[in-house]
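# Reading the structure
So you can see what is in the structure, the chains are spelled out below.
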Amino acid sequence: QLLLVESGGGLVQPGGSLRLSCAASGFTLDYYAIGWFLLAPGKEREGVSCISSSDGSTYYAGSVKGRFTISRDNAKNTVYLQMNSLKPEDTAVYYCASALGCSGYVWDYWGQGTQVTVSS
């Protein structure tokens, strides 16, 4: 059973920080790109960030550049999304997914999502 599990979401005040984790079981993340996506109520899913499986290149949506950082710890088989300077509009369910690359590939496996709520 190949599985991705997100964790680390919660309720934070505007300007606060969270670190989301995407942990893999049944396969190693070393050979996969991992993307983070968000789904806000009534909105279409959109990409947030991605880290490649080859050279570790990272990519970010314009709305999160300078605030979010994606990283991977292969020893822990986990990818992280550090979210700083959070805004209410960041509120959404965040999902991680795996693919062979950050673009041009199918996102084969998805986690169950973790809720991020930014509110005062």
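Computed from a predicted structure; not experimentally measured.

### What to know about the pairing of strand β11 (residues 114-118)
- Side chains T114, V116 and V118 project from β11 onto a buried face, and the interleaved Q115 and T117 project onto a face without burial.
- When strand β2 (residues 10-12) meets β11, the two strands line up parallel, connected through three bridges. Note that in β11 the partner of V12 across the bridge is V118.
- Taken together, the three bridges between strand β9 (residues 92-99) and β11 define a ladder with antiparallel strand orientation. Pairing of V93 across the sheet is with Q115, part of β11.

### Let's talk about the nonpolar core
- Counting 27 residues, the largest nonpolar core has W36, V48, F68, V79, L81, M83 and Y94 as its most contacted members.
- Listing elements by their share of this core, those giving two or more residues are β3 (18-25), β4 (33-39), β5 (46-51), β7 (68-73), β8 (78-83), β9 and β11.
- Of the residues forming this core, the biggest block, four residues, is contributed by β3.
- When near neighbours in sequence (up to four residues on either side) are disregarded, L81 contacts L18, R19, L20, W36, V48, S49, F68, T69, I70 and Y94.
- Counting six residues, the second largest nonpolar core, distinct from the first, contains F37, C50, A97 and A99.

How each quantity is defined
Residues numbered from 1 in each chain as written. Predicted model: local features only at pLDDT ≥ 70, side-chain atom pairs only at ≥ 80, totals over all residues. Heavy atoms only, no water. Buried < 20%, exposed > 50% of the residue type's maximum accessible area, 1.4 Å probe, protein only. Helix = DSSP H or I, 4+ residues; strand = E, 2+ residues; numbered from the N terminus. Pairing = 2+ DSSP bridges. Core = buried A, V, L, I, M, F, W, Y, C linked by side-chain atoms within 4.5 Å. Contact = heavy atoms within 4.5 Å.

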